[in-house]
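Reading the structure
Next come the chains, spelled out residue by residue.
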Amino acid sequence: MIPSLKLVNPKLNCVYSKVLQMVNYTLWSNIKGLFASKKNGRKVGHIRFKGYGWYNTLNYNQSGFKVDQDHGILHLSKIGDMRIKIYRKIEGCIKAVIIKGVVGLDVGLTSFVVDSVGNEIENPRCAKQSSDKLARLQRKLARAVRGSNNYKSLKDKIAKLHKRINCQRDDFLHKLSRTYVNNFDIICVEDLDIIGLKEKGHNNGMHRCIHDASWSKFVFMLSYKAQSAGRKLIKVDPRNTTQRCSACGSIVKKDLSIRVHECPYCGFSCDRDYNASRNILITGMEQPVAPIELKPLHHISVVQVLAMKWEAAPFRTR
Ligand SMILES: [Zn+2]
């Protein structure tokens, strides 16, 4: 299908042919895998479309690349030369080159995460429905006679509901962190220990506590998932990540109510949190990163995150 797809979408001609074939291969091997597990009587879901922003892997299989070890240069067909760091001498013949993306994540109050690729993931308010129910039960409990059977059963129901809310939130955090670890090789986040969360928002008591707990849990999940998958999690000093212009580096002061970053020095303008995520990535990588997305961000709902499957990376070289 690739030749006919190229006619419909001429942009595909800018991608090395083998890279396209490998995407095709990954897709079909996943479909085959699904069929095989279905045959074995396992319950399987459907293959899900990976939209723009979620597919960041280039797989150069067998050809289309050249590594110059002496000068630390990687040549990729249709992309060009790039400087690379070689941590140890490469011995033998390289069979394939897999390029994974880097990403910066900004956690916030308006949305749970905004990343430097342009995804905006909304806050997990899956607890909303449950919290209404919780409030109702707690009112009932307050009216119940202490120690009565009714009291005991209400207490039991409340405990169960608390557990359910926790599970829902954990499910969301697990799926989101898994997606980032599967799709990116280097993930940069703010160091929440230093942040003090001063810049992050007003003090909304209880609500804030839940948020802070979710953020640190999210970062924790990222860190152990990254470690076991051989990915890198970089924690960045959060100072000035919102104030700095991610295009020119000037400090542009803005208070919390200002949701848009507008740089008077270079004219760069984008969403406030998106600017922060780019700064987090830049600080993490210690080098300038070209802007990818200046337009509105891709909004990703909690429902979409919860629908994500726990997929393993398609290829794992040992
Ligand atoms: Zn600027």
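1. Topic: the side chain of serine 37
Along the polypeptide, serine 37 turns up in helix α2 (residues 17–39). Classification of serine 37 as buried rests on a relative accessible area of 16%. If we skip the residues at most four places from it in the chain, serine 37 touches Arg42 and Val44.

2. A word on the pairing of strand β3 (residues 73–76)
The two faces of the sheet receive side chains in turn, since in a regular strand these alternate between them. Burial of β3 is one-sided: the residues Leu74 and Leu76 facing one way are buried, the residues Ile73 and His75 facing the other way are not. Both strand β2 (residues 65–68) and β3 contribute to a ladder of four bridges, which runs antiparallel. When the sheet's bridge partners are listed, lysine 66 is paired in β3 with histidine 75. What sits between the antiparallel neighbours β2 and β3 is a turn of four residues, in which glycine 72 has the positive phi angle 65 degrees. As paired elements, β3 and strand β4 (residues 80–83) share four bridges and run antiparallel to each other. Bridging across to β4, histidine 75 finds its partner in aspartate 81. Connecting β3 to the next strand, β4, in antiparallel fashion are three residues, including lysine 78 with a positive phi near 75 degrees.

3. Notes on the sheet that holds β4
Working definition: the strands of a sheet are paired by backbone hydrogen bonds and lie parallel or antiparallel to each other. An order of β2-β3-β4 is seen for the three strands of this open sheet, with the pairing classed as antiparallel. Bordering the open sheet on either side are β2 and β4, each of which pairs with just one other strand. Across the sheet, the mean angle from the axis of one strand to that of its neighbour is 20 degrees, orientation sign disregarded.

4. Describing the coordination of the zinc ion
Those donors, Cys245 (SG), Cys248 (SG), Cys263 (SG) and Cys266 (SG), are the protein atoms that reach the zinc ion, and they lie 2.2 to 2.3 Å from it. Taken together, the four donor atoms surrounding the zinc ion define angles of 107 to 114 degrees at the centre, an arrangement classified as tetrahedral. Residue class for cysteine 266 comes out partly exposed when judged on its relative accessible area of 39%.

5. Section: a positive patch on the surface
Taken together, Lys133, Arg136, Arg139, Lys140, Arg143, Lys157 and Arg164 make up a surface patch of like positive charges. Elements supplying a minimum of two residues to the positive patch: α3 (127–143) and α4 (149–183). It is α3 that provides the largest number of residues to the positive patch, a total of five residues. Here arginine 143 lies in helix α3. Using a relative accessible area of 64% as the deciding quantity, one classes arginine 143 as exposed.

6. Regarding the environment of isoleucine 258
By the secondary structure assignment, isoleucine 258 is in the loop between β10 (232–236) and β11 (260–262). Among the residues examined, isoleucine 258 registers a relative accessible area of 37% and is labelled partly exposed. For the pair isoleucine 258 and arginine 272, spaced 14 residues apart in sequence, the C-alpha to C-alpha distance is 7.6 Å.

7. Re unusual backbone geometry
Not every positive phi belongs to a glycine, and lysine 78 is a case in point at roughly 75 degrees. Its place among the elements puts lysine 78 in the loop between β3 and β4.

8. Describing α2
Compared with the 33 Å implied by 1.5 Å per residue over 23 residues, the 33 Å span of α2 between its first and last C-alpha is a close match. What α2 keeps buried is the set Val19, Leu20, Met22, Thr26, Leu34 and Ser37. Where α2 is buried, its residues touch α1 (2–8) and β1 (58–61). In the segment just after α2, glycine 41 is the residue with positive phi, at about 85 degrees.

9. As for the pattern of salt bridges
Under the counting rule described, the total for this entry stands at five salt bridges. Between lysine 175 and aspartate 171 there is a salt bridge, with the nearest N and O atoms lying 3.2 Å from each other. You can see lysine 175 and its partner aspartate 171 sitting in helix α4, four residues apart, about one turn around the helix. When the shortest N-O distance is used, the salt bridge between aspartate 237 and arginine 239 registers 2.6 Å. Overall, the relative accessible area of 30% leaves aspartate 237 in the partly exposed class.

10. Some points on helix α7 (residues 272–285)
Between its terminal C-alpha atoms α7 stretches 20 Å, which fits the 20 Å expected from 14 residues at 1.5 Å a residue. Extensive coverage of α7 is indicated by the burial of twelve of its 14 residues. Looking at α7, one finds that the buried residues are Arg272, Asp273, Tyr274, Asn275, Ala276, Ser277, Arg278, Asn279, Ile280, Leu281, Ile282 and Gly284. Following α7 by one or two positions, glutamate 286 adopts a phi angle in the positive range, close to 55 degrees.

11. What about the nonpolar core?
Residues Leu105, Val113, Leu176, Tyr180, Ile187 and Phe218 are the most contacted members of the largest nonpolar core, which totals 27 residues. Broken down by secondary-structure element, the contributors of at least two residues to this core are β6 (101–107), β7 (111–115), α4, β9 (184–190), α6 (206–229) and α8 (302–306). No other element matches the seven residues that α6 contributes to this core. The contact partners of phenylalanine 218, leaving out residues within four places of it in the chain, are Leu105, Phe112, Val113, Leu173, Leu176, Ser177 and Tyr180.

Parameters and conventions
Residues numbered from 1 in each chain as written. Predicted model: local features only at pLDDT ≥ 70, side-chain atom pairs only at ≥ 80, totals over all residues. Heavy atoms only, no water. Helix = DSSP H or I, 4+ residues; strand = E, 2+ residues; numbered from the N terminus. Buried < 20%, exposed > 50% of the residue type's maximum accessible area, 1.4 Å probe, protein only. Contact = heavy atoms within 4.5 Å. Pairing = 2+ DSSP bridges. Axes fitted to C-alpha atoms, helices over the stretch in contact; angles between N-to-C directions. Donors = N, O, S within 2.8 Å, 3.2 Å for Na, K, Ca; no water. Tetrahedral: all angles 85-135°; square planar, octahedral: opposite > 155°, others 65-115°. Patch = residues over 30% accessible without salt bridge, like charges linked within 9 Å, V, L, I, M, F, W, Y side chains within 5 Å. Areas by Shrake-Rupley, 256 points an atom, 1.4 Å probe, with all protein chains shown as cover. Salt bridge = Lys/Arg side-chain N within 4 Å of Asp/Glu carboxyl O. Lys, Arg positive; Asp, Glu negative; His and termini not counted. Charge placed at Lys NZ, Arg CZ, Asp CG, Glu CD. Expected span 1.5 Å × (residues − 1). Core = buried A, V, L, I, M, F, W, Y, C linked by side-chain atoms within 4.5 Å.

Nothing here speaks to function; it is all geometry.
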